[in-house]
Amino acid sequence: MAAEDDNLAKELDDKNTPVFWNIGSKPPPEEGERRRHRRSGGGKGEAGEAGGMGGTSLEQRERVAQLASDPRVINAIQNKLKGLVNKSSGYIESLPPEVQARITALKKIQEGRNKVHDQYLKELRELEMKYEALSQPFYDQRAEIVNGKREPTTEELGDEQLPPAVSVKGVPEFWLSTMKNLDLLADTITEKDEEVLKLLTDIRCVTLEGGKGFCLEFYFDENPFFTNNVIKKTYHMSSEDDDVLERAEGTKIDWKPGKNLTVKLLKKKQRGKGSKHTRTVTKEEPCDSFFNFFYPPEVPDDDAELDDDEHEALQDMMEADYDIGFTLKSKVIPEAIDWFTGEAILSDDDEDEGEDEDEDEDDDDDDDDDDEDDDDEDDDEDQGPSRKDRGSGGRGHAPRGGTTTGGAGDKGECKQQ
């Protein structure tokens, strides 16, 4: 079978035929360009198009269509691509010996730098865990007051004074109000969710061993929706790269009968075959809920099971899920009181306004540059095309808004491994 696959792959190579486009729709861009070229007199003419079409006849295209749908061909191509992984292009080997020696030395230098960076990451994780532990007593004090387990001390009150008669326990709906002040979280919370989130008593974050991820812990009072006292969401980061999310896991929620907030019950009437009698069937359908957060996207064991669209959709879902988790870890837990009071919202708005002003300034600069370019164009038009322009048949300026390939400054993101 391997020999047969190699022969199939070789047949494709010999024909130099593009197999990764839809034969049944329209030719690839390169083929279309060749057709236009011939129509304008630069090719073989109509006879050449009918006979060769740039070296790909109708029979050849049909053959390619058959090959492209053949599992053996696909397997052969995949095997060939795997064989190219980590294979040298030959460029380094073609360089002069003295240059290759210097490249070897640069690799040694890079290894030294990598060791320093690895040590930096290790110490950074240790430092984060150290200050996470130092922060825990303050989170404990916050939880005690929020849940009414004790009253603030004179030192904690400062200039404030508690009234002699206390009728309200703790700070009601503290965590619900806190989360609703962040748009990212508020968008996930439904009215039904609020009923149980009012009974949320605390949210904690625990760094996983070795700093390879974190676990969010949600603590609840006894409630009519589920039996869990604690619901967890864990993010596992790659052991090789702290910026790569391997997977996310959520606690199984033990919903009480008829109380699952992540589904809605639909009643439908069904009529049995050959019978006039009908019966009512209840079906569950997914619905919006904050508690879908504890049912993260599942990553298949083999990435090859997904096509490009499915892989992109999974990537988007994982990034959206991680954004919520990271927001809880980095904003909600450490700055809960500021989000509860709304002070953090104002701070966030100020930061956004600063960024918008910077962007506006950049846009103004770009507009000024465009105006200067427009002036230059007007001058050029008054003077007529230059000798160089006339000789090349151009108008003197390339059209604006052309397509560029690549680009720097792409936003960093959580990547699926």
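Residues numbered from 1 in each chain as written. Predicted model: local features only at pLDDT ≥ 70, side-chain atom pairs only at ≥ 80, totals over all residues. Heavy atoms only, no water.

Student: Looking at this model, I keep getting lost on the overall build of the protein chain. Mind explaining?
Tutor: If you tally the helices and strands in the protein chain, you get 15 helices and seven strands. Counting across all 417 residues of the protein chain, residues that qualify as buried make up 25%. Taking the intrachain contacts of the protein chain between residues at least 6 apart in sequence as the baseline, contacts between residues at least 24 apart amount to 55%. Carbon and sulfur atoms form 49% of the exposed surface of the protein chain, whose accessible area is close to 29700 Å². (Helix = DSSP H or I, 4+ residues; strand = E, 2+ residues; numbered from the N terminus. Buried < 20%, exposed > 50% of the residue type's maximum accessible area, 1.4 Å probe, protein only. Contact = heavy atoms within 4.5 Å. Areas by Shrake-Rupley, 256 points an atom, 1.4 Å probe, with all protein chains shown as cover.)

Student: Looking at this model, I keep getting lost on the pairing of strand β3 (residues 230-237). Mind explaining?
Tutor: For a regular strand, the rule is simple: side chains alternate between the two faces of the sheet. Across the eight residues of β3, six count as buried, placing the element largely inside the fold. In this structure, strand β2 (residues 213-220) lies alongside β3, joined through seven bridges in antiparallel fashion. If you follow C215 over to β3, its bridge partner there is T234. (Pairing = 2+ DSSP bridges.)

Student: Would you explain the pattern of salt bridges in this entry?
Tutor: Oppositely charged side chains can pair when the atoms bearing their charge come close. If you walk through the whole model with that rule in mind, you get 10 salt bridges. The salt bridge involving D140 is made with R204; its shortest N-O contact spans 2.6 Å. Of this pair, D140 sits in helix α7 (residues 97-146) while R204 sits in strand β1 (residues 200-207), and the two are 64 residues apart along the sequence. On the accessibility criterion, D140 (34% relative accessible area) is partly exposed. In this structure R204 comes out as buried when scored by relative accessible area, which is 14%. (Salt bridge = Lys/Arg side-chain N within 4 Å of Asp/Glu carboxyl O.)

Student: Looking at this structure, how should I read the side chain of E217?
Tutor: With respect to the secondary-structure elements, E217 resides in strand β2. A distance of 2.8 Å separates polar atoms of two side chains, one belonging to E217 and the other to Y219. Excluding its chain neighbours within four sequence positions, the residues that come into contact with E217 are D202, I203, R204, V206, V230, I231 and K232. (Polar contact = N/O pair within 3.5 Å; in protein donor to acceptor, adjacent residues only side chain to side chain.)

Student: Is there a simple way to think about the layout of surface pockets in this case?
Tutor: Empty space among the atoms can be located by rolling a probe the size of a water molecule over them. There is about 380 Å³ of room inside the second largest pocket. Every residue lining the second largest pocket is counted, 20 residues in all, and those nearest its centre are V146, N147, L200, T201 and D221. Listing elements by their share of the lining of the second largest pocket, those giving two or more residues are α7 and β1. When the residues that make up the lining of the second largest pocket are grouped by side-chain class, the tally is eight nonpolar, three polar and nine charged. (1 Å grid on protein atoms, 1.4 Å probe; cavity = no way out; pocket = protein on both sides within 12 Å on 5 of 7 lines; lining within 4 Å. Points joined across faces, edges and corners; volume = space filled by probe spheres on them. Nonpolar A, V, L, I, M, F, W, Y, C, P; charged D, E, K, R; others polar.)

Student: For this particular structure, what's the right way to read a negative patch on the surface?
Tutor: On the surface, a cluster of negative charge is made up of D307, D308, D309, E310, E312 and D316. With respect to the helices and strands, the residue D309 is situated in helix α12 (residues 308-332). (Patch = residues over 30% accessible without salt bridge, like charges linked within 9 Å, V, L, I, M, F, W, Y side chains within 5 Å. Lys, Arg positive; Asp, Glu negative; His and termini not counted. Charge placed at Lys NZ, Arg CZ, Asp CG, Glu CD.)

Student: For this particular structure, what's the right way to read the state of the cysteines?
Tutor: Throughout this description, disulfide means a covalent bond between two cysteine sulfur atoms. Going through the model one piece at a time under the given rule, you end up with zero disulfides. Unpaired in this structure, C205 has its nearest cysteine sulfur neighbour in C215, at a distance of 7.7 Å. Relative accessible area serves as the criterion here: at 9%, C215 is assigned to the buried category. (Disulfide = S-S within 2.5 Å.)

Student: Quick question: what am I supposed to make of the nonpolar core here?
Tutor: The nonpolar side chains of soluble globular proteins are, as a tendency, buried together. Ranked by size, the top nonpolar core spans 42 residues in total, and within it L197, F218, F291 and L328 carry the most contacts. Of the residues forming this core, the biggest block, six residues, is contributed by α12. When near neighbours in sequence (up to four residues on either side) are disregarded, L197 contacts L176, M179, I189, F220, F290 and F291. (Core = buried A, V, L, I, M, F, W, Y, C linked by side-chain atoms within 4.5 Å.)

Student: Help me out: how do you make sense of a nonpolar patch on the surface in this one?
Tutor: Together, L127, Y131 and L134 give the surface a local cluster of nonpolar side chains, amounting to about 300 Å² of exposed area. Take L127: it is sitting in helix α7. L127 sits in the partly exposed class, given a relative accessible area of 45%.

Student: How should the packing of aromatic side chains be read in this particular structure?
Tutor: By convention here, two paired aromatic rings are described through the distance between centres and the angle between planes. Enumeration according to the criterion identifies 19 aromatic pairs in this entry. Seen in terms of ring centroids, F174 and W175 are 5.1 Å apart; in terms of plane orientation they differ by 90 degrees. Their pairing is edge-to-face. No difference in accessibility class separates F174 from W175, as the two residues are buried. Residues F214 and Y235 carry aromatic rings whose centres are separated by 5.0 Å and whose planes lie at 35 degrees to one another, so their mutual orientation is tilted. With F214 in strand β2 and Y235 in strand β3, this residue pair connects regions lying 21 residues apart in the sequence. An identical accessibility class is assigned to F214 and Y235; each is buried. (Phe/Tyr/Trp six-rings, centres within 6.5 Å; stacked < 30°, edge-to-face > 60°.)

Student: When you look at helix α4 (residues 58-68) in this model, what are you seeing that I'm missing?
Tutor: Residues spaced three or four apart along an α-helix point in a common direction, a consequence of the helix completing one turn every 3.6 residues. Buried within α4 we find R61, V64 and L67. Summarising the axial view, the buried residues of α4 lie within an arc of 120 degrees, below the 170-degree limit, and thus occupy one face. Seen from the open side of α4, the exposed residues pointing more than 90 degrees away from its buried face are L58 and E59. (Arc of directions from axis to C-beta.)

Student: Teacher, can you tell me more about unusual backbone geometry here?
Tutor: With the exception of glycine, most residues fall at negative phi, and the peptide bonds are largely trans. In this model, E173 sits at a positive phi of 55 degrees, which is unusual for a non-glycine residue. Tracing the chain through its elements places E173 in the loop between α8 (154-157) and α9 (174-180). Residue E173 is classed as partly exposed on the basis of its relative accessible area of 35%.

Student: Help me out: how do you make sense of α7 in this one?
Tutor: For α7, built from 50 residues, the straight-helix expectation of 74 Å at 1.5 Å per residue is met to within 8% by its first-to-last C-alpha distance of 71 Å. Residue Q136 marks the point of greatest curvature in α7, where the axis turns by about 30 degrees; the proline P137 follows within four residues. Among the residues making up α7, those that are buried are R125, Y139, R142, A143 and V146. If you follow the buried residues of α7, they end up packed against α9, β1 and α13 (336-341). Once α7 ends, the next one or two residues include G148, with phi positive near 70 degrees. (Expected span 1.5 Å × (residues − 1). Bend = angle between axes of the 7 residues up to and from the residue.)

Shape is all these values report; function is a separate question.
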